[in-house]
Amino acid sequence: MLIKTYAVIPLLASVALVQSSLLFRFSLWGARLHLMLLVVVSWSLLRGAREGIVWGFLGGLALDFLSGLPLGVCTLTLTITAYMASLGQLTVYRTSPLFPAGLALASSIFHDGLLMLLLSLAGYALAWADLLLRVALPSALLGALMMPLVYRVLLRLHLRTLPEDLKL
Amino acid sequence: MTRMQRGGTLLFLLLFVSLAVVTLVLDRANRLQPAKDLVAQVTAPIQGVLAAATRRVTDLREFFIDVEECRAKNEDLQLLVDQLIIENVRLREAEIENVNLRAQLNFKQANPSFKLLSAQVIGRDPSNLAGYLIIDRGREEGVAVGMPILTDRGLVGRVTETAPHSSKILLITDPSSSVNALIQESRATGVVQGSVVQGLVMRYIQQTEEVKPGDLVLTSGLGGNFPTRLIVGQVTSVVKKDVELFQQAQIRPSVDFGRLEMVMVLTSFHPIDSEAEQQAP
């Protein structure tokens, strides 16, 4: 059974609310946890491109409504990041326990880079080097550290919602 | 994955990317405001509850450490200690709120011409790259786009978006923010801009002006976006090069942006819309 969209919306909306209202209080040397990104990347890795894209789109939209940035920027960024992360399914390293963390690191840097590019195109003045070194990189490292935990939770959800004929 | 499947997935991606771009375009054309209002109305109360819960979690963490020490000393008093500490947490919350409100009241009394509206911070921008926060007051409470946001310590930012009961605030530390300012002592003017690393930087200060560490920086009111004489911060260092037209100064913000819980909206101030005024006959 696929997770229906109507069940995904409240889940991703809750993740967005937690990220906006709770996680901002917990900062580690400038790094803040991008929980939505980890959730979307995990799901893309577990379920592949199509479900990843839908989760990326809905998750990004939820973030957009809570963000001061132009509506659609987070949606676009997270949708593309989800697709890129789903390509991880095609590699031979995907069975490695460290792979999700590595993928989270790469996806986070890709996501922030793409977001900055879109913001620059929208006319925002950004200090690229500072943002990449002081915000994006520490956040990516923190994301990589937390990824095993998030991935484990999503793996459970994945196994519980897997179609009966695909279960081992 | 077969070639056909891959093509199908790419088409799927293209569909969602197109949807995202359409959303972006509609938002730029300001067509999505009703949807944003609706979402803000639903999420603002939840964010308020979550924000309050986090504060309690932070205090409860300290509370549990205290309980651990007490347990080792006296098991019998465990229940009593629990109750007392919970009470203490509640009282500390009340005390912090009291201090905040008293500071706001003092600020209001010191600035009788200001019409201020207290607001609670209920969220931050979920992306790590932008300096926005969300407050629990909106259009219905009289908040409008452009209104300055303050604390008793100084300027916080300005309202960029309003929903019926919540608003988004662009912090002065965001790189896209700029505030016309002056140095209190020398009256040198410049523009204070947000910076990822240094917090705030004051640019475009004439080379002939004297600026030194410790000088207070206030809003100048030029441009009509902010009222005059609001504290922005304090000069920490000055960069002056003979080969450059202007000097610049690093500013330490007077407000601790990491600990903002309560702010004030200056509802009596309406920024001048220079574009509209230029277009008027």
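Residues numbered from 1 in each chain as written. Chains lettered and ligands numbered in written order. Predicted model: local features only at pLDDT ≥ 70, side-chain atom pairs only at ≥ 80, totals over all residues.

### What to know about the overall build of chain A
Our working definition: Helix and strand assignments follow DSSP, with helices taken as H or I runs no shorter than four residues and strands as E runs no shorter than two, numbered in order from the N terminus. For the radius of gyration, the atom set is restricted to C-alpha positions; the globular benchmark scales as 2.2 Å times the number of residues to the power 0.38. Any residue with 12 or fewer other C-beta atoms within 10 Å of its own C-beta is exposed, any with 20 or more is buried, and the rest are partly exposed; the C-beta atoms used are placed from the backbone.
Of regular secondary structure, chain A possesses six helices and two strands. In terms of C-alpha radius of gyration, chain A reaches 15 Å, essentially the compact-globule figure of 15 Å for 168 residues. Its C-alpha atoms put chain A at 50 × 30 × 30 Å along the principal axes. Within the span of chain A, comprising 168 residues, buried residues form 48% of the whole.

### Focus: the overall build of chain B
Basically, it comes down to this: Placing a C-beta atom from the backbone of each residue, one calls two residues in contact when those atoms lie within 7 Å.
Helix and strand counts for chain B stand at four helices and twelve strands. Here chain B holds 281 residues, and 32% of them are scored as buried. Within chain B, contacts between residues at least 6 apart in sequence are counted, and of these 57% link residues at least 24 apart.

### Structural notes on the domain arrangement of chain B
All names here are of chain B. Going by this rule: Note that the domain bounds reflect an automated or database-derived domain assignment.
In terms of domain boundaries, chain B breaks down into domain 1 (35-171) and domain 2 (178-259). Every contact between the two is made by nine residues of domain 1 and, on the other side, twelve residues of domain 2. Elements represented by at least two residues in the side of domain 1 that touches domain 2 include exactly strand 3 (148-151) and strand 4 (154-162).

### Some points on the environment of Leu133 of chain B
Residues and elements named next belong to chain B. Tracing the sequence through the fold places Leu133 in strand 2 (residues 132-135). Through-space distance from the C-alpha of Leu133 to that of Asp256 is 14 Å; in sequence the pair is 123 residues apart. Excluding anything up to four places from it in sequence, Leu133 contacts Val121, Gly123, Arg124, Ile169, Leu171 and Leu260.

### Re the environment of Arg134 of chain A
Considering the arrangement of structural elements, one finds Arg134 of chain A in helix 6 (residues 128-160). In this structure the C-alpha to C-alpha distance between Arg134 of chain A and Trp29 of chain A, which are 105 residues apart in sequence, comes to 8.6 Å.

### Some points on the interface of chain B and chain A
Threshold: Amino acid classes used here: Ala, Val, Leu, Ile, Met, Phe, Trp, Tyr, Cys and Pro are nonpolar; Asp, Glu, Lys and Arg are charged; the rest, including Gly, are polar.
In this assembly, 42 residues from chain B lie in contact with 43 residues from chain A. Of all elements in the fold, only helix 1 (3-28), helix 2 (33-73), strand 1 (116-124), strand 2, strand 4 and strand 5 (167-171) of chain B reach the threshold of two or more residues within the side of chain B that touches chain A. Element by element, the count of residues in the side of chain B that touches chain A is highest for helix 1 of chain B, at twelve residues. Residues of the side of chain B that touches chain A, tallied by class, amount to 24 nonpolar, eleven polar and seven charged.

### Details of the pairing of strand 4 of chain B
All names here are of chain B. In plain terms, the rule: Note on pairing: DSSP must find at least two bridges between two strands before they are called paired.
Pairing of strand 3 with strand 4, which is carried by four bridges, proceeds in the antiparallel orientation. The residue bridging Pro148 from the neighbouring strand is Arg158, located in strand 4. Between strand 3 and the antiparallel strand that follows it, strand 4, lie two residues. Pairing of strand 4 with strand 5, which is carried by five bridges, proceeds in the antiparallel orientation. Bridged to Gly157 within strand 5 is Leu171.

### Section: the nonpolar core
Nonpolar side chains in soluble globular proteins generally cluster together in the buried interior. Spelled out, the test is: When buried Ala, Val, Leu, Ile, Met, Phe, Trp, Tyr and Cys residues are joined through C-beta atoms within 7 Å, the set is termed a nonpolar core.
By size, the foremost hydrophobic cluster in this structure holds 101 residues, and its most contacted members are Val40 of chain A together with Val156, Ile169, Val192, Val217 and Val232 of chain B. Among the elements that take part in this core, helix 3 (residues 49-66) of chain A stands out by supplying eleven residues, more than any other. Leaving out residues up to four positions away in the same chain, Val156 of chain B has contacts with Ile149, Leu150, Thr151, Ile169, Leu171, Ile172, Val255, Leu260 and Val263 of chain B.

### Comments concerning the pairing of strand 3 of chain B
Residues and elements named next belong to chain B. By the alternation rule, side chains of strand 3 split into Pro148 and Leu150 and Ile149 and Thr151, which are all buried. Relative to strand 12 (residues 262-266), strand 3 runs antiparallel, the two sharing two bridges. Bridge pairing in strand 12 places Leu150 opposite Met264.

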